[in-house]
Amino acid sequence: MTPRGLAHAASHDRAGSDIHAGSDIHAGGHHAHHVPEPSVHLRGVTKQFGGTRALDAVDLDIYPGEVVALLGLSGSGKSTLLRMLDGLHVPTSGTVTVLGTDVAHARGRALRALRRDVGFVFQQFHLVPSASALENVCTGALGALRGPRFGLATYPRTVRARAMEQLDRVGLAHIAFQRADTLSGGQQQRVAVARALLQRPRILLADEPVASLDPESSAQVMDLLTRVAREDDLTVLCSLHQVELALSFGHRLVGLRSGRVVLDRPVPTIDRAETMRIYQDVAAPELV
Ligand SMILES: Nc1ncnc2c1ncn2[C@@H]1O[C@H](COP(=O)(O)OP(=O)(O)OP(=O)(O)O)[C@@H](O)[C@H]1O
Ligand SMILES: [Mg+2]
């Protein structure tokens, strides 16, 4: 276990909820036996798409309950990294272990179980436009149900009740029966979060969840992610383009540049200038 791993694990004690405020290396001693297994464990992960190296020797451990912002320029590998975690991509080399499962080798039942444990929220929401908010939330249960469903009435009553609870939780019980395509962007994204929560995930991945939203709705969605992470003890990994948002969100910031991790620090120890370095020297010009 690395000192940083210990720091994360030790500072994960729920009683001291302002996580990672301390130094990187104070942990140890009596905390050591509380160290949990990481939810997400990457070692030497490289992903090659033809001539493009999207991820390059990535090592990363994320512990249960950690809320991590992932920053990096367009093309730096954020989406590729997130897609590795529920097996949408397999690494070219290296290992990806999520909740104890080696993702590249998981098949059938094991892969389905993993995907139920990993919720996903996307920039473009991906709701069924003609379905109500409530029905969209119900679709979060499809991974656990047999066969297709057509219409709200075809979901079990218990699923509908749980979906209503999740909608209430994201502050949208009052628009449960409104068509998704009539909701504002911020409302649609909160429905998408409720849908992801319905599957009772242990990890929530969000790929630029606020990139299409105005600042006010963005702040609402980010607050929501932070709150549900705390309430459900979720591990959250969220890619973002906005440095300011990343610095006001979560516990830890991971910066990618050209597929490499170039920054990995607890948020309270980081300042804006340091964060901006993620964006420098993306492709150092050969001719200078
Ligand atoms: N399926 C694919 N086939 C070929 N190349 C890909 C594929 N997916 C990603 N890439 C390439 O891998 C690199 C990383 O892409 P990725 O989508 O992970 O970046 P990103 O950080 O999510 O960018 P953005 O901020 O624009 O979403 C890019 O050069 C991209 O073109
Ligand atoms: Mg992306």
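Structural data are supplied above this passage.
What you see is a predicted model, and the numbers here were worked out from it, not measured in a lab. (Residues numbered from 1 in each chain as written. Chains lettered and ligands numbered in written order. Predicted model: local features only at pLDDT ≥ 70, side-chain atom pairs only at ≥ 80, totals over all residues.)

**Focus: the overall build of the chain**
Working step 1: When you go through the chain residue by residue, the secondary structure sums to nine helices and ten strands.
Working step 2: The buried share of the chain, taken over its 288 residues, is 43%.
Working step 3: Partitioning the contacts of the chain with sequence separation of at least 6, the portion at a separation of at least 24 is 67%. (Helix = DSSP H or I, 4+ residues; strand = E, 2+ residues; numbered from the N terminus. Buried ≥ 20, exposed ≤ 12 C-beta atoms within 10 Å, placed from the backbone. Contact = placed C-beta atoms within 7 Å.)

**Observations concerning the sheet that holds strand 1 (residues 40-49)**
Working step 1: If you trace the four strands from one edge of the open sheet to the other, you get 2-1-4-5, paired in antiparallel fashion. The open sheet has two free edges, formed respectively by strand 2 (52-62) and strand 5 (101-102), since each of these has just one partner strand.
Working step 2: Two strands pair when backbone bridges link them, and strand 1 and strand 2 are joined in this way by seven bridges, in the antiparallel orientation. When the bridges of strand 2 are listed, valine 40 appears paired with isoleucine 62. (Pairing = 2+ DSSP bridges.)

**Some remarks on the sheet that holds strand 8 (residues 235-240)**
Working step 1: The six strands lie next to each other as 6-7-8-3-9-10, forming an open sheet whose pairing is mixed. Every interior strand has two partners, whereas the edge strands, strand 6 (118-122) and strand 10 (260-266), have only one. With direction set aside, neighbouring strand axes in the sheet form an average angle of 15°.
Working step 2: Across four bridges, strand 3 (residues 67-71) lies against strand 9 (residues 252-257) in parallel orientation. Across the sheet, leucine 70 pairs through a bridge with valine 254, a residue of strand 9.
Working step 3: Contacts from helix 6 (residues 185-198) reach strand 6 and strand 7 (203-207), with the element oriented near 170° to strand 6. (Axes fitted to C-alpha atoms, helices over the stretch in contact; angles between N-to-C directions.)

**A few points about the environment of serine 76**
Working step 1: Examined against the element boundaries, serine 76 turns out to sit in the loop between strand 3 and helix 2 (78-84).
Working step 2: Separated by 23 residues in the primary sequence, serine 76 and arginine 53 place their C-alpha atoms 9.6 Å from one another.
Working step 3: Excluding anything up to four places from it in sequence, serine 76 contacts Leu256, Arg257, Ser258 and Gly259.

**Observations regarding the site of ligand 1**
Working step 1: Lining the immediate surroundings of ligand 1 are Phe49, Thr52, Ala54, Gly72, Ser74, Gly75, Ser76, Gly77, Lys78, Ser79 and Thr80.
Working step 2: At the level of elements, strand 2 and helix 2 are the ones that each hand at least two residues to the shell around ligand 1.
Working step 3: If you tally residues by element for the shell around ligand 1, the top one is helix 2, at three residues.
Working step 4: A breakdown of the residues in the shell around ligand 1 according to their chemical character gives two nonpolar, eight polar and one charged. (Near = placed C-beta within 6 Å. Nonpolar A, V, L, I, M, F, W, Y, C, P; charged D, E, K, R; others polar.)

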